[in-house]
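# What the coordinates show
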Amino acid sequence: MHSDILLVLVVGTALAFDFTNGFHDTANVVATAISTRALPPRFAIGMASLLNFAGAFISLAVAATVAKGIVDPAIVTLEPAIVFSGLIGAISWNVVTWYFGLPSSSSHALIGGVVGAAFAAQGSKAVMGNGLVGKVIVPALVAPILAFVVAGIAILICYRIVGRLRPGPVGAGFRLGQVISGGMLALAHGTNDAQKTMGVIVLALVAHGDISSDHIHVPQWVVISAASAIALGTYAGGWRIIKTMGSRILKMDPAQGFAAQGSGAAVILAATHVGFPLSTTHVISGGVMGAGAAKRISAVRWGVAGNIVTAWVLTLPASAAMSAAVYGLTRVFGVNSEAGPIVVAALILVGTVLLFGRRVRRGSPLTAPQT
Amino acid sequence: VSLLADKVVEWDKIAQVIYSALGVGLAVAIAFSVAVAGGTRFAEERRDGDGIRAAMWALIGALGFAVCIAAIVLGIVVMTTKD
């Protein structure tokens, strides 16, 4: 990628994606704490925002995986529009699922987007199949199940230890625990999700010639800007998803909230440590359902859980297809033309403004549960 | 299929995630539950005027809480030192 304009466009789009990631995903982190009234919603969102920012600084393993483990960086340099199209496809999918209140996965949308655009541009040789399966798909299957199991066992242990004590003080104790476990989950989210954007920006810098593909590293300005974007996105929104995650799946007590958040944080931090880009939404959903099912299978609203699973299954192919379509649109203006990405960026900007305008006209978004 | 899976999937890292999450997740759940139980029993015993038992439960609760904090700090230290 030799165009400075295109690099600026890609970095700006990546940070916009990071913002939508925070907007779309991070509220899930505090949904359980809000639904059990461990934290007031605005404070919870503020805390998650700050800890997301901090979390972005504690590891770079996931950024490395995204930058060099999923699509071939050398091939991406041949067509600058690949990274851009991947980002636009992921953002489009995020906006669609956000608009309809569907918990999706920004992480898988991003990876699906980059893979879809790379595949559309250069065919299967551009996609590192082993990396995609070994570092994304298998961990994506294992992580929610692991969170389900850990949360299920954890809540049984909690009940076993405190079961015969007075519920009032015990509930108060676990509400305090939720503040801690919710904070850890926000930190975990920041470290895993912000790094995916860092990885994409690094990919763009490699394509631009600023970073050698043999010595890939993450510049400090990339870390700071990605951390800021996800933190701002977190603070800006996410109320629809809060409602779905916090109360529609399961009515929880504070101990269950603690178990769900703690298990989610443990799984995400462990996966981040080895460089697996996970979906926080998937993991916390697994934790919430595990904490609910261990107490009473019927407490989980499996219909809503089924809808979420459907969204999970759709995310990778849908964002890949969207990105491939975006890539096709940019190609209309020429292979390495700057006009295509500029026109697409303008169209997406107009579409997003119209969607937000429609949302504002329809009234305030859904709020956190009041019950 | 098995050979292909062994080649593609990083089983050692998957195993590391599983045992780390299980170990830390359950350890923190146990320790914090002990902390909550300790705090609750401390309040009850103090209200009943049994100072020794109250102190014992306070100690147990404090130990549980300390283990939680230690696990969290250790986790962050491990993550930051890997890079």
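So, here is what we can say about the structure in this document. Here the structure is a predicted model, which means the values were calculated and not measured.

Along the backbone of chain B there are 3 helices and 0 strands. Traced from its N-terminal end to its C-terminal end, chain B shows the element sequence α-α-α. The C-alpha radius of gyration computed for chain B amounts to 20 Å, which surpasses the reference 12 Å derived for 83 residues by more than 25%, pointing to a less compact arrangement than a globule. Dimensions along the principal axes, computed over C-alpha positions, put chain B at roughly 65 × 30 × 10 Å. Looking at chain B as a whole, 33% of its 83 residues are labelled buried. Split by element, the accessible area of chain B, about 4900 Å² in all, is 72% carbon and sulfur. Taking the average place of the 7 positive charges on the side chains of chain B and the average place of its 8 negative ones, the gap between the two points comes to 2 Å.

Next up on the list: empty space enclosed by the protein. As enumerated under the stated definition, the model contains 3 cavities of 30 Å³ or more in all. When its volume is computed, the largest cavity comes out at roughly 60 Å³. Contributing to the lining of the largest cavity are Pro139, Val142, Ala143, Leu146, Ala271, Phe276 and Leu278 of chain A together with Ile14 and Val17 of chain B. Counting only elements with at least two residues in the lining of the largest cavity, the list comes to helix H7 (129–162) of chain A together with helix H2 (11–47) of chain B. Tallied by class, residues from the lining of the largest cavity come to 9 nonpolar, no polar and no charged.

For the structure on display, the rule yields 8 salt bridges over all chains. Close ionic contact of Glu10 of chain B with Lys135 of chain A constitutes a salt bridge, the shortest N to O distance being 2.6 Å. Placement of Glu10 of chain B in the loop between helix H1 (2–8) and H2 and of Lys135 of chain A in helix H7 is noted, with the two residues assigned to different chains. You can call Glu10 of chain B buried: its relative accessible area is 18%. Judged by relative accessible area, Lys135 of chain A falls into the buried class, the value being 18%. We note a salt bridge from Glu10 of chain B to Lys13 of chain B, for which the minimum N-O separation is 3.1 Å.

A separate point is the packing of helix H6 (residues 106–122) of chain A against H7 of chain A. When two helices pack together, their arrangement is given by the angle between their axes and by how far apart the axes lie. All names here are of chain A. Look at H6 against H7: their axes get within 12 Å of each other, and the N-to-C directions meet at 150°. Crossing of H6 against H7: the hand is left-handed. Taken together, the residues of H7 that come into contact with H6 (itself represented by His108, Ile111 and Val115) are Leu132, Val136 and Ala140. Classifying every residue of the contact of H6 with H7 by side-chain character gives 5 nonpolar, 1 polar and no charged.

Take the interface of chain A and chain B next. Taken together, the contacts link 41 residues of chain A with 33 residues of chain B. Interface area, chain A with chain B, both sides summed: about 3200 Å², of which 80% is carbon and sulfur. The interface formed by chain A and chain B holds 2 salt bridges in total. With a shortest N-O distance of 3.5 Å, Glu44 of chain B and Arg166 of chain A are connected by a salt bridge. Run the count over chain A and chain B and you get 1 residue pair in polar contact (both at pLDDT 80 or more). Of all elements in the fold, only H7, helix H8 (167–208) and helix H11 (254–274) of chain A reach the threshold of two or more residues within the side of chain A that touches chain B. With 15 residues, H7 of chain A is the largest single contributor of residues to the side of chain A that touches chain B. Of the residues that constitute the side of chain A that touches chain B, the class distribution is 31 nonpolar, 8 polar and 2 charged.

With that settled, the discussion passes to the environment of Leu51 of chain A. All names here are of chain A. By the element assignment, Leu51 lies in helix H2 (residues 41–55). In sequence terms Leu51 and Lys196 are 145 residues apart; their C-alpha atoms lie 17 Å from each other. Setting aside chain neighbours within four positions, we find Leu51 in contact with Gly183, Ala186 and Leu187.

The subject of this paragraph is the layout of surface pockets. Size it by volume and the largest pocket reaches roughly 600 Å³. As for the largest pocket, its lining consists of 33 residues, and the residues nearest its centre are Ala266 and Leu269 of chain A together with Val24, Ala71 and Gly75 of chain B. Sorting the residues of the lining of the largest pocket by element identifies H8 and H11 of chain A together with H2 and helix H3 (51–82) of chain B as the ones contributing at least two each. Top contributing element to the lining of the largest pocket by residue count: H2 of chain B, with 10 residues. Residue classes in the lining of the largest pocket are distributed as 23 nonpolar, 10 polar and no charged. In this structure, the second largest pocket occupies an estimated 400 Å³ of space. For the second largest pocket, the lining is made up of 20 residues, of which Ala16, Ile91, Ile348, Leu349 and Thr352 of chain A are closest to its centre. Looking at the lining of the second largest pocket, the elements that each hand over two or more residues are helix H1 (4–35), helix H5 (81–99) and helix H14 (339–361) of chain A.

Conventions used here
Residues numbered from 1 in each chain as written. Chains lettered and ligands numbered in written order. Predicted model: local features only at pLDDT ≥ 70, side-chain atom pairs only at ≥ 80, totals over all residues. Heavy atoms only, no water. Helix = DSSP H or I, 4+ residues; strand = E, 2+ residues; numbered from the N terminus. Rg over C-alpha atoms; globule rule 2.2 N^0.38 Å. Buried < 20%, exposed > 50% of the residue type's maximum accessible area, 1.4 Å probe, protein only. Areas by Shrake-Rupley, 256 points an atom, 1.4 Å probe, with all protein chains shown as cover. Lys, Arg positive; Asp, Glu negative; His and termini not counted. Charge placed at Lys NZ, Arg CZ, Asp CG, Glu CD. 1 Å grid on protein atoms, 1.4 Å probe; cavity = no way out; pocket = protein on both sides within 12 Å on 5 of 7 lines; lining within 4 Å. Points joined across faces, edges and corners; volume = space filled by probe spheres on them. Nonpolar A, V, L, I, M, F, W, Y, C, P; charged D, E, K, R; others polar. Salt bridge = Lys/Arg side-chain N within 4 Å of Asp/Glu carboxyl O. Axes fitted to C-alpha atoms, helices over the stretch in contact; angles between N-to-C directions. Left-handed = near helix turned anticlockwise from the far one by under 90°. Contact = heavy atoms within 4.5 Å. Buried area = accessible area lost by both parts, 1.4 Å probe. Polar contact = N/O pair within 3.5 Å; in protein donor to acceptor, adjacent residues only side chain to side chain.

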